[in-house]
Amino acid sequence: MMPHCRYVLRLADTNLVLAQRLGEWAGHAPALEEDLGLANISLDLLGQARLLLTHAGELEGRGRGEDDLAYLRAESEYLNLTLVEQPNGDFGDTIVRQFLFDAWQLELYRSLAQSKDGKLAAIAAKGARETSYHLRYSGGWLIRLGDGTEESHARIARSLERLWPFTNELFDGDDVDRAIAAAGIGPAPDSLRDGWSRSVDEVLVAATLTRPAPATFGWYGKQGRHGEHLGYLLAEMQSLHRSHPGATW
Amino acid sequence: MIDSTKEWPLYEIFIRAKSGLDHKHVGSLHATDARMALEHARDLYTRRQEGVSIWAVRSADIVASDPAESDAFFEPARDKVYRHPTFYEIPDEVKTL
């Protein structure tokens, strides 16, 4: 698979897996209003994933559409970031995962809006508007919980420590990323780090949270090497389509 | 984190459908603070492009008339037909009054 297609698939899978994770909150969020808020974000991400999957299928040129790519690939063929496959945990875990991701995705989309791949640029421009709102939502909650009660502060600080190491992968470039940057299709992952750090630090300060120390190890979800959690997510997401191929409603 | 035995404060939500129109009451929701009330209102009431502007007001800050006093408040207006401008002749040219 050529780097261009592989790169778009990484973006698509990252959005798709996070959309599925957020969908798990439906009916379980702490308040009806949050149920809808999380579902809205999930549907935005799903919409972005669909456009990206379709685009990846066209780049691949083997006739695979969005459904084939979403429902008929195995775990090792999924190229999402490891951060987004992490389980929802409690509401604070979900908020931290969302916040670290939103801040990154906004930087990425702003950069991708100048991509030489016109279709990708258009998807990114649309996505940036949605992502700005997601960041407002997740950042607002991070501040509320961090600067909230003693318990909410302690718990959100623990979530932040636990999820922080997964951010290494956001900025860790490999051969695919280098080929993409050289072709002017996407930014070098490392180039997003400063903007991301600024926007993350600003919210962490308001939330009275301390930025965790850098972790030394890396994760490789975007190369198809996943942790233990993704398989269960895909099994649930794909079961209907695999049992009833081509089912519609 | 969230004490489910304690309800979040209620906010009343008003949406302006497009520039130039009034904000109309569309419903209410729970939120812990003003910022969250606006975000919830956006997510609950403007999903289908229903509005261009949102007002959120703490329900507790609204002063309302008492339904039990509606006789004293509203009944006296019933027989004062002269308060309605119904005795004027409207020229045919005026269509939209």
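Residues numbered from 1 in each chain as written. Chains lettered and ligands numbered in written order. Predicted model: local features only at pLDDT ≥ 70, side-chain atom pairs only at ≥ 80, totals over all residues.

A few words now on the overall build of chain A. Along chain A, the regular secondary structure elements total eleven helices and zero strands. The N-to-C order of helical and strand elements in chain A reads α-α-α-α-α-α-α-α-α-α-α. Computed over its C-alpha atoms, the radius of gyration of chain A comes to 17 Å, within 12% of the 18 Å expected for a compact globule of 249 residues. When its C-alpha atoms are laid out on the principal axes, chain A stretches across 55 × 40 × 30 Å. Per-residue burial for chain A yields a buried fraction of 44% across its 249 residues. Sequence separation of 24 or more characterises 75% of the internal contacts of chain A that already satisfy a separation of 6 or more. (Helix = DSSP H or I, 4+ residues; strand = E, 2+ residues; numbered from the N terminus. Rg over C-alpha atoms; globule rule 2.2 N^0.38 Å. Buried ≥ 20, exposed ≤ 12 C-beta atoms within 10 Å, placed from the backbone. Contact = placed C-beta atoms within 7 Å.)

What follows deals with the interface of chain A and chain B. Contacts between the two partners involve 15 residues from chain A and, on the opposite side, 14 residues from chain B. The set of elements that each furnish at least two residues to the side of chain A that touches chain B consists of α2 (32-60), α5 (91-112), α6 (118-146) and α7 (150-163) of chain A. Residues that form the side of chain A that touches chain B fall into these classes: six nonpolar, five polar and four charged. (Nonpolar A, V, L, I, M, F, W, Y, C, P; charged D, E, K, R; others polar.)

Among the nonpolar cores identified, the biggest contains 61 residues, and Val8(A), Ala12(A), Leu52(A) and Leu142(A) are the most heavily contacted of them. In terms of residues, this core owes the most to one element, α5(A), which gives twelve residues. Not counting the four nearest positions on each side in its chain, Val8(A) is found in contact with Leu52(A), His55(A), Ala56(A), Leu59(A) and Leu120(A). Counting ten residues, the second largest nonpolar core, distinct from the first, contains Ile13(B), Leu29(B), Met36(B) and Ala56(B). (Core = buried A, V, L, I, M, F, W, Y, C linked by C-beta atoms within 7 Å.)

The next point concerns the confidence of the model for chain B. On average, chain B scores 88 in pLDDT, and the residues at 70 or more come to 94%. Scored by ipTM, the complex comes to 0.77, with pTM at 0.89. (pLDDT = per-residue confidence, 0-100.)

On to the sheet that holds strand β2 (residues 23-30) of chain B. All names here are of chain B. Read from one edge to the other, the open sheet built from three strands follows the order β2-β1-β3, with strand pairing classed as antiparallel. At either end of the open sheet lies a strand with only one pairing partner, and these are β2 and β3 (53-58). Strand-to-strand twist in this sheet, taken as the mean axis angle between neighbours without regard to direction, amounts to 25°. Across six bridges, the pairing between strand β1 (residues 10-16) and β3 is antiparallel. In the strand pairing of β3, Arg16 is matched with Ser53. Against the sheet, helix α1 (residues 34-45) touches β1, β2 and β3, its axis set at about 130° to β3. (Pairing = 2+ DSSP bridges. Axes fitted to C-alpha atoms, helices over the stretch in contact; angles between N-to-C directions.)

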